[in-house]
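As a plain string of letters, each chain reads:
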Amino acid sequence: IKILTNADCYLPEGNFIRADVLVVGSKLCAIGTFSKDWISKFPVSVETIDCENFFVAPGLIDPHLHLSGGSGEGGGFFSQSPQVLVSECLFGGVTTVVGTLGVDTTTKTMPDLLAKVKAYNEIGLKAYCYVGGYDIPPKTITGSVRDDLIFIPEIIGVGELAIADGRAPEP
């Protein structure tokens, strides 16, 4: 159990309040003011963290992230962007990601993307991915978009299927 005291809390209504935050395990359980008397009644140890001058906000969701790196649309391999690091996500407050391949489905692959998603989940972040990329038919793990969606829980849809983009294949 942790209690974050004196935190400037961002609320879903879009405003901030100064409050304490009760966290049990990894779950935010309550926001309010908790007296030392009330805290002392817990039958387990309680860690108190002073959050004076800090903001507490929900984790952000990035619904379109090239976990394996960008495709190098600038004219060659030298223009590819590197894979996204977990530390970069956390530094930006992102705690849930949805990975996608993009234009390059040759050097960026579905197995690699799914492995990165699984790695994010193993360390406690939430991660999902889209099957496919710019190719038609979409790149898959099982050979079928439908089977990928049914049998691979991390895959939540088809992403970056390009049908009206200048870089798209001609179906």
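Here, residues in each chain are numbered from 1, in the same order as that chain's written sequence. Restriction of local features to residues with pLDDT of at least 70 applies here, the model being predicted, together with a cutoff of 80 or more for giving and counting side-chain atom pairs; totals for whole chains, interfaces and linings are based on all residues. Side-chain figures throughout are based on the complete set of non-hydrogen atoms in the structure, without hydrogens or water.

(A) Layout of the overall build of the protein chain. Strands here are runs of E lasting at least two residues and helices are runs of H or I lasting at least four, both read from the DSSP assignment and numbered beginning at the N terminus. Across its full length, the protein chain carries four helices and nine strands. Secondary structure elements of the protein chain occur, N-terminal to C-terminal, as β-β-β-α-β-β-β-α-β-α-β-α-β. Restricting the calculation to C-alpha atoms gives the radius of gyration, and the globule rule supplies 2.2 Å times the number of residues raised to the power 0.38. Here the protein chain has a C-alpha radius of gyration of 21 Å; the compact-globule value for 171 residues is 16 Å, and the former is much larger. Considered along the principal axes of its C-alpha atoms, the protein chain spans approximately 70 × 35 × 30 Å. Out of the 171 residues belonging to the protein chain, those deemed buried represent 35%. By element, 58% of the accessible surface of the protein chain is carried by carbon and sulfur atoms, the whole surface being about 10,400 Å². The protein chain carries 12 positive and 20 negative side-chain charges, and their two centres are separated by 6 Å. Each residue is assigned to one of three classes by its accessible area relative to the maximum for its type, calculated with a 1.4 Å probe on protein chains only: buried under 20%, partly exposed between the two thresholds, exposed over 50%. Each accessible area is a Shrake-Rupley result for a 1.4 Å probe, and residues are judged covered by the shown protein chains and nothing else. A residue counts as positive if it is Lys or Arg and as negative if it is Asp or Glu; His and the chain ends are not included. We put the charge of a Lys on NZ, of an Arg on CZ, of an Asp on CG and of a Glu on CD.

(B) How the structure looks around the pattern of salt bridges. A side-chain nitrogen of Lys or Arg and a carboxyl oxygen of Asp or Glu constitute a salt bridge if their distance falls within 4 Å. A full pass over the atoms with the stated rule returns five salt bridges. A salt bridge links Lys116 to Asp112, with the nearest nitrogen and oxygen atoms 2.8 Å apart. Linking Lys116 with Asp112, this pair stays in helix α3 (residues 110-122), spanning four residues, or about one helical turn. What makes Lys116 buried here is its relative accessible area of 17%. Connected through salt bridges with shared partners, the residues Asp8, Arg18 and Glu52 form a single ionic network.

(C) Quick peek at the sheet that holds strand β9 (residues 155-158). Strand order in this open sheet of four strands is β6-β7-β8-β9, and the pairing throughout is parallel. Two strands bound the open sheet, and with one partner strand each, they are β6 (60-65) and β9. Adjacent strand axes in the sheet meet at a mean angle of 25° when their direction is disregarded. Taken together, the three bridges between strand β8 (residues 126-131) and β9 define a ladder with parallel strand orientation. Bridge assignment links Cys129 to a residue of β9, and that residue is Ile155. Any two strands between which DSSP finds at least two bridges are classified as paired. Think of each axis as a best-fit line through the C-alpha atoms, taken over the contacting stretch in the case of a helix, with angles from 0 to 180 degrees between the N-to-C directions.

(D) Representation of the nonpolar core within the structure. Counting residues in hydrophobic clusters, the biggest one holds 18 residues, and the most contacted among them are Leu67, Cys89, Val97, Met110, Tyr120 and Cys129. Mapped by element, the contributors of at least two residues to this core are β7 (94-99), α3 and β8. If you tally residues by element for this core, the top one is α3, at five residues. In this structure, Leu67 is in contact with Gln83, Val84, Val97, Gly99, Thr100, Leu113, Lys116, Val117 and Tyr120, ignoring residues within four places of it in sequence. Remark: nonpolar core denotes a set of buried residues (Ala, Val, Leu, Ile, Met, Phe, Trp, Tyr, Cys) joined through side-chain atoms within 4.5 Å. Throughout, a contact is declared for two residues whenever any of their heavy atoms are within 4.5 Å.

(E) Summary view of a nonpolar patch on the surface. Together, Ile136, Val158, Leu161 and Ile163 line one region of the surface with nonpolar side chains, adding up to about 340 Å² of accessible area. Positionally, Ile136 belongs in the loop between β8 and α4 (145-151). Any residue with relative accessible area above 30% and no salt bridge may belong to a patch, with like charges joined within 9 Å and the nonpolar Val, Leu, Ile, Met, Phe, Trp and Tyr side chains within 5 Å.

(F) Spotlight on unusual backbone geometry. Between Ile136 and the following residue, Pro137, the backbone shows a cis peptide bond with an omega angle of 0°. Tracing the sequence through the fold places Pro137 in the loop between β8 and α4. Despite not being glycine, Asn6 has its phi angle at roughly 55°, a positive value. For Asn6, the position within the fold is in strand β1 (residues 2-10). For Asn6, a relative accessible area of 31% gives the class partly exposed.

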